[in-house]
Amino acid sequence: MSSEKHFVLSLYTRTWVRDSHGLYDYESSQTRNLNAVLADSVIIARKKHEIKTVTAKNEMQPDEEMLIDVKYEKNDRYILENPVEIMMEPSEKNITDLSNKIWYVLKQEENNGNNQQTITNTNDDYYLCKNDIIKLGRVKYALNEIHIPSKENNIDIDLPPNSNSDYNIESINMNSQPVFNFIFQAKQCESINEDENLCKICYGNSNESSNPLVHLCNCQGGIRFAHYFCIKKWMETKLVIKENEKKTVKSFNIKAFNCEICKVPYPFSFRIDNNNERFDLIEIERPENDYIILESLNQVKENSNIKSIHVIQLTDDCITIGRGHESDVRINDISVSRSHAKLQYDKNSGRLLLRDLKSKFGTLVLLKKPLTIKERKIHLQIGRTYIEASLMGMKEFEKLKKEKRTKHHAQQENNNNNNMNNNNNMNNNNNNDNNNNVDPNSQGNSLAMTGLIQK
């Protein structure tokens, strides 16, 4: 069987020059752009604003971040990887690190009035799956519950993928394990020492099965334990519950969902050791009809953890998400646009469509498994770098190489003429300009075969 390549991998990257919470500004022109072609396995890394490649992870410098591990396999298969762990502790570090994983950029609403975006997104529509991680601006949510009684076995939105799609993105996330383990495994007080093991809130030492004395934070010594009811009542004093005008969304918001002493975020739910009984610190009334629950991942502001849980009833009406007062799901964060995204439920198919409303910082869904690139362009984001990836046929590739070679030789000839007519200082400047151009015939460790084309 012939091993001749029929396709190479074409990449176009844009890196926002501001390093802010892993955001990419879709309205900004302040970006460093790069066109590149890959023909073999390689690791793509980012150093400040620049994109570079290395052949192995151990070649990366401490100040470089890995973006994608590109793997070339037989039959012109190019696979993009940036592994996502499962069932992690939902710590601030683990949540922050997700920004530098591979995210799918959601398709925008075509009729939305905002036309300030600098890209045209041709991605397929995305239908949500249980355990999806969604990113709106810098705010991340986990889709922890999907309840559709009319569907057999209460399946999620994990229906057969769209046969008209090249990528079937939903199939990457369908039936996947949760990224985070949101049910904390708590330690119950076992000692009967009345002097040491007291509730730090009520100073009592009772330890009943319905109201256990538990350790949910990082406090140590005599202040490490607290009663379940005491913590729950304390959180209830901070709880703000809001409903939208249509009464289809109920939002539970707490601005300081953490221990007042050590500042460690409290879990929404916990179990004691291997006991299956679940304890919730926030009581949520679940609707009888179709609904989903979005739980915010830790947002830390001024040493306080912000927790938001949105219970969304699925009706024929679309659900709007944004910072504006008119939004059904309101997110009070400056990185979220006033009208950011929308949810549309199809009751017949049981599918839940999520679309971006041409927001400034985009609406993204985390890809939990490797992605095989097709001929059709796909739009992705990793931190503050936006990526367009597709396969390029060899004929188009050879044409590109020829154009680059002609342009390179013409520029060389022009520089040589300038060198003959200018003084030595001007010559040095021209030589520096020449060094910024990569020979298209170079076979080094830069992006293979065509080199880097920096704009």
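As shown above, the structure is provided for reference.
First things first, this report covers the structure right here in the doc. Here the structure is a predicted model, which is why all the values come from computation and not from measurement. (Residues numbered from 1 in each chain as written. Predicted model: local features only at pLDDT ≥ 70, side-chain atom pairs only at ≥ 80, totals over all residues. Heavy atoms only, no water.)

## A look at the sheet that holds strand β26 (residues 371-372)
Then, in step 1: Taking strand neighbours across the sheet as the criterion, the five strands line up as β4-β3-β5-β6-β26 in an open arrangement whose pairing is antiparallel. For this open sheet the edge positions go to β4 (50-54) and β26, each flanked by a neighbour on one side alone.
Then, in step 2: Where strand β5 (residues 65-73) and strand β6 (residues 77-81) come together, five bridges link them in antiparallel fashion. Bridge pairing in β6 links E73 to R77. (Pairing = 2+ DSSP bridges. Helix = DSSP H or I, 4+ residues; strand = E, 2+ residues; numbered from the N terminus.)

## Considerations on helix α3 (residues 228-236)
Then, in step 1: Within α3, the full set of buried residues consists of Y228, C230, I231, K232 and M235.
Then, in step 2: Residues of α3 that are buried sit in contact with β13 (226-227), β15 (249-254), β16 (269-272) and β17 (279-280). (Buried < 20%, exposed > 50% of the residue type's maximum accessible area, 1.4 Å probe, protein only. Contact = heavy atoms within 4.5 Å.)

## As for the pattern of salt bridges
Then, in step 1: In the structure shown here, the tally under the stated rule is 25 salt bridges.
Then, in step 2: The salt bridge involving K5 is made with D40; its shortest N-O contact spans 3.6 Å. With K5 in the segment before β1 (7-16) and D40 in the loop between β2 (31-38) and β3 (42-47), this residue pair connects regions lying 35 residues apart in the sequence.
Then, in step 3: Take D40: its relative accessible area is 41%, and that puts it in the partly exposed class.
Then, in step 4: The salt bridge involving D97 is made with K93; its shortest N-O contact spans 2.7 Å. Within this pair, D97 and its partner K93 are both found in helix α1 (residues 92-97), separated by four residues, close to a single helical turn.
Then, in step 5: Overall, D97 belongs to the partly exposed group, its relative accessible area being 36%.
Then, in step 6: Where salt bridges share partners, they join E109, D125, K342 and R355 into one cluster. (Salt bridge = Lys/Arg side-chain N within 4 Å of Asp/Glu carboxyl O.)

## A look at the side chain of K200
Then, in step 1: Locating K200 in the fold gives a position in the loop between β11 (183-188) and β12 (213-215).
Then, in step 2: Salt bridges are absent for the buried K200, whose nearest opposite-charge side chain, E260, sits at 10 Å.
Then, in step 3: Of the polar contacts made by the side chain of K200, one reaches the backbone oxygen of I223; its length is 3.4 Å.
Then, in step 4: In this structure K200 touches C217, C219, I223, F225, A226, C259, I261 and Y266, once residues within four positions along its chain are discounted. (Lys, Arg positive; Asp, Glu negative; His and termini not counted. Polar contact = N/O pair within 3.5 Å; in protein donor to acceptor, adjacent residues only side chain to side chain.)

## As for the sheet that holds β13
Then, in step 1: Read across the sheet, five strands follow the order β13-β12-β11-β16-β17 without closing on themselves; strand pairing throughout is mixed. The two strands at the open ends of the sheet, each matched to only one other strand, are β13 and β17.
Then, in step 2: The pairing of β12 with β13 spans two bridges and is classified as antiparallel. When the bridges of β13 are listed, L213 appears paired with H227.

## Some words on the pairing of strand β10 (residues 139-147)
Then, in step 1: Most of β10 sits out of view: seven of its nine residues are buried.
Then, in step 2: Note that strand β9 (residues 133-136) and β10 share four bridges and pair antiparallel. Counted as the bridge partner of I134 is Y141 from β10.
Then, in step 3: What sits between β9 and β10 in their antiparallel hairpin is a turn of two residues, with G137 showing a positive phi close to 60 degrees.
Then, in step 4: Relative to strand β18 (residues 291-296), β10 runs antiparallel, the two sharing six bridges. Considered in β18, the bridge of Y141 is made with S296.

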